[in-house]
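Fold and geometry: a report
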Amino acid sequence: MPAPQDGPLLDDAAGRLIRPYTVSNGRTRPTTVLDLLSLVMATGSDPQVHLGPEHTVALELCGGPTSVAEIAAHLRLPAVITKVLLSDLVDCGAVTAHAPAFKDMPTDRSLLEAVLDGLRRQL
């Protein structure tokens, strides 16, 4: 088993060696409002608090703008737990988070219908 500072506690054969909610100390509510499409990016400043291995891996993934959903997938953690970890990083100034910019864009109905038709053909 890897040392805690080497990364998330995963084993190829057994999977996650600790429960996901242990990673967030049982917390399920982030202190920062994050959407799955929120973009998170490292600020370059070192956190002044002790972070767990998942925090460290998440911070490493934030070298460029990265979505919350992508970070959750890399960490193999539920999105809500990833949001808690990322909000910890926001709170200590290690990362910044920005909501997706396209929320106010109008939706093209013909595009959505074409996507729906394509999905129906795949089924």
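This write-up is about the structure you can find in this document. (Residues numbered from 1 in each chain as written. Predicted model: local features only at pLDDT ≥ 70, side-chain atom pairs only at ≥ 80, totals over all residues. Heavy atoms only, no water.)

On to the packing of helix 2 (residues 53–61) against helix 3 (residues 68–75). Contact geometry of helix 2 with helix 3 gives a least axis separation of 10 Å together with a crossing angle of 130 degrees. Considering the angle they form, helix 2 stands oblique to helix 3. In the packing of helix 2 onto helix 3, the handedness of the crossing is right-handed. Here helix 2 contributes Glu54, Val57, Ala58 and Leu61 to the contact with helix 3, which in turn contributes Ile71, His74 and Leu75. In terms of residue class, the contact of helix 2 with helix 3 is made up of 5 nonpolar, 1 polar and 1 charged. (Axes fitted to C-alpha atoms, helices over the stretch in contact; angles between N-to-C directions. Helix = DSSP H or I, 4+ residues; strand = E, 2+ residues; numbered from the N terminus. Parallel < 35°, antiparallel > 145°, perpendicular 65-115°, else oblique. Left-handed = near helix turned anticlockwise from the far one by under 90°. Contact = heavy atoms within 4.5 Å. Nonpolar A, V, L, I, M, F, W, Y, C, P; charged D, E, K, R; others polar.)

Moving on: the packing of helix 2 against helix 4 (residues 79–91). Two elements in contact, helix 2 and helix 4, have axes whose closest approach is 10 Å; the angle formed by their N-to-C orientations is 75 degrees. Accordingly, the angle class assigned to the pair helix 2 and helix 4 is roughly perpendicular. In this structure, helix 2 contributes Glu54, His55, Ala58 and Leu59 to the contact, and helix 4 contributes Leu85, Leu86, Asp88 and Leu89.

Pairing is antiparallel in the open sheet, where 3 strands are placed in the order 4-3-5. Edge strands, defined here as strands with exactly one partner in the open sheet, are strand 4 (66–67) and strand 5 (95–98). Relative to strand 4, strand 3 (residues 39–42) is paired through 2 bridges, and the arrangement is antiparallel. Bridge pairing links Leu39 to Ser67 in strand 4. (Pairing = 2+ DSSP bridges.)

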